[in-house]
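One-letter residues, chain by chain:
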Protein chains: 2
Amino acid sequence: MPTSDEMTATVHRYTAAHSAGDVDAIAGLFAVDAVLVDPVDQPAHLGRDAVRAFFAGTHESIDGMELVATGPVRAVGEWAAVPLRARSTIGDTIYEVDIIDVFTFGDDGLITEMRAYWSSADIRASQIPTGRH
Amino acid sequence: MPTSDEMTATVHRYTAAHSAGDVDAIAGLFAVDAVLVDPVDQPAHLGRDAVRAFFAGTHESIDGMELVATGPVRAVGEWAAVPLRARSTIGDTIYEVDIIDVFTFGDDGLITEMRAYWSSADIRASQIPTGRH
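Residues numbered from 1 in each chain as written. Chains lettered and ligands numbered in written order. Predicted model: local features only at pLDDT ≥ 70, side-chain atom pairs only at ≥ 80, totals over all residues. Heavy atoms only, no water.

K.L.:
Sorry if this is basic, but what is going on with unusual backbone geometry here?
P.N.:
The phi torsion of most residues other than glycine is negative, and most of the peptide bonds are trans. Cis geometry marks the peptide bond from Asp38 of chain A to Pro39 of chain A; its omega dihedral reads -5 degrees. Here Pro39 of chain A shows up in the loop between strand E1 (30-37) and strand E2 (45-46). (Helix = DSSP H or I, 4+ residues; strand = E, 2+ residues; numbered from the N terminus.)

Written as structure tokens, this is what we have:
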């Protein structure tokens, strides 16, 4: 079983790979037979290839998405949970939403399941302030 | 199924009841056949009576525990997840730990399952600053 430090490091690699738009790096953190439910009220994506395809679609439709932890990773047993904020900018509008991701890990340290708690109803839109020179 | 606002309100009642040390109010938020796993690497408590007994023990051993949300509730489908911080003071020492609680709700709005992600290894101890008059 991975240690708490190893699970925490993988979660940080996960958010960094998202912010870099590196879908191969994201997919590489998941087990071949991993299960992804993102958000949790939507159908599951089954297997690493499906995980990669899902996030490739996400990053094609949301250019320059950043995913940042807003608090420490809670790692215990074979699980890690973390509060996150996703942010993207389209034109002069900033879109943000708060997320909690819960990861389950296998003995080899790969992610076997990830469940993402967030709702599209909670996406906030704000205008980039003008007049900043 | 409860609405997102209803699930969010129940989570806030849950944290307030903990901070008040009101174990009857806590237990009343759970379904009769609820499952509690707190933290997630420990055996489950099955049923409202077991939930009440578990939290009664918690509040007997940790006097004056406060449980405070450190970010918004993420409510979606039949679930709600929230980042929390538990704090207690024993003598001149403050103990704190970061937690993520994930709740599942039944059609009647009662909690059917709660899973708490935190580790006793992450409890931080600090001294109350002296010289504050």
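K.L.:
Help me understand the pattern of salt bridges in this model?
P.N.:
Where side chains of opposite charge bring their charged atoms close, a pairing between them can arise. All names here are of chain B. According to the stated counting rule, one finds ten salt bridges over all chains in the structure shown. Put simply, Arg124 and Glu96 hold a salt bridge, and the shortest N to O gap is 3.9 Å. With a gap of 28 residues between them, Arg124 in strand E8 (residues 124-127) and Glu96 in strand E6 (residues 93-105) connect regions that are remote in the sequence. A relative accessible area of 36% means that Arg124 is categorised as partly exposed. (Salt bridge = Lys/Arg side-chain N within 4 Å of Asp/Glu carboxyl O. Buried < 20%, exposed > 50% of the residue type's maximum accessible area, 1.4 Å probe, protein only.)

K.L.:
Would you mind going over the interface of chain A and chain B with me for this structure?
P.N.:
Interface size is often expressed as the accessible area that is lost when the parts come together. Contacts between the two partners involve 22 residues from chain A and, on the opposite side, 22 residues from chain B. Contact with chain B buries area across many residues of chain A, yet Arg74, Val76 and Tyr117 of chain A alone supply 35% of it, more than any other trio. For the pair chain A and chain B, the number of links is zero salt bridges. Across the contact surface, chain A and chain B share four residue pairs in polar contact (both at pLDDT 80 or more). Residue assignment for the side of chain A that touches chain B shows that the elements contributing at least two residues are strand E4 (74-76), strand E5 (79-90), strand E6 (93-105) and strand E7 (111-117) of chain A. Here the side of chain A that touches chain B is built from residues that sort into 14 nonpolar, three polar and five charged. (Contact = heavy atoms within 4.5 Å. Buried area = accessible area lost by both parts, 1.4 Å probe. Polar contact = N/O pair within 3.5 Å; in protein donor to acceptor, adjacent residues only side chain to side chain. Nonpolar A, V, L, I, M, F, W, Y, C, P; charged D, E, K, R; others polar.)

K.L.:
Help me out: how do you make sense of the relation of the copies chain A and chain B in this one?
P.N.:
Copy one and copy two of the chain differ by a rotation about a common axis and a shift along it. Relative to chain B, chain A is turned by 180 degrees and slid 0.0 Å along the rotation axis, the superposed coordinates differing by an RMSD of 0.0 Å. These values place the two chain copies in the arrangement generated by a two-fold rotation axis. Every residue of chain A has its C-alpha some distance from the rotation axis, and the shortest such distance is that of Pro83 of chain A, at 3.3 Å. (Least-squares fit on C-alpha atoms with pLDDT ≥ 70 in both.)

K.L.:
It is not clear to me how the side chain of Thr93 of chain B should be interpreted in this structure. Could you clarify?
P.N.:
Residues and elements named next belong to chain B. With respect to the helices and strands, Thr93 occurs in strand E6. With relative accessibility at 11%, the residue Thr93 sits in the buried group. Separated by 3.4 Å, the side chains of Thr93 and Gln127 make a polar contact. For Thr93, the contacting residues outside a window of four places in its chain are Ser88, Ala125, Ser126 and Gln127.

K.L.:
What should I look at first to understand the packing of aromatic side chains in this one?
P.N.:
One pair of aromatic rings is described through two measures. These are the centre distance and the angle between the planes. Applying the stated criterion to the full structure yields ten aromatic pairs over all chains. Judged by centre distance (6.1 Å) and plane angle (65 degrees), the ring pair of Tyr14 of chain A and Phe30 of chain A falls under edge-to-face. Of this pair, Tyr14 of chain A sits in helix H1 (residues 4-19) while Phe30 of chain A sits in strand E1; the two residues are 16 residues apart in sequence, bridging distant segments of the chain. Each member of the pair, Tyr14 of chain A as well as Phe30 of chain A, is classed as buried. Ring centres of Tyr14 of chain A and Phe55 of chain A lie 6.2 Å apart, and the angle between their planes is 70 degrees; this geometry places the pair in the edge-to-face category. Pair noted here: Tyr14 of chain A is in helix H1 and Phe55 of chain A is in helix H3 (residues 48-61), with a separation of 41 residues, a long-range link. Lying across the ring of Trp79 of chain B, Arg115 of chain A places its NZ or CZ 5.7 Å from the centre. (Phe/Tyr/Trp six-rings, centres within 6.5 Å; stacked < 30°, edge-to-face > 60°. Lys NZ or Arg CZ within 6 Å of the ring centre and 35° of its normal.)

K.L.:
I'm lost on a nonpolar patch on the surface in this one. Help?
P.N.:
Taken together, the side chains of Ile90, Tyr95 and Ile123 of chain A define a hydrophobic patch exposed on the protein surface, amounting to about 260 Å² of accessible area. Tracing the chain through its elements places Ile123 of chain A in the loop between E7 and strand E8 (124-127). (Patch = residues over 30% accessible without salt bridge, like charges linked within 9 Å, V, L, I, M, F, W, Y side chains within 5 Å. Areas by Shrake-Rupley, 256 points an atom, 1.4 Å probe, with all protein chains shown as cover.)

K.L.:
Would you take a moment to explain the environment of Val82 of chain A for this structure?
P.N.:
Note on placement: Val82 of chain A falls in strand E5. In this structure the C-alpha to C-alpha distance between Val82 of chain A and Ser61 of chain A, which are 21 residues apart in sequence, comes to 24 Å. For Val82 of chain A, the contacting residues outside a window of four places in its chain are Val11, Ala69, Gly71, Pro72, Val73, Ile99, Ile100, Asp101 and Phe103 of chain A together with Ile100 of chain B.

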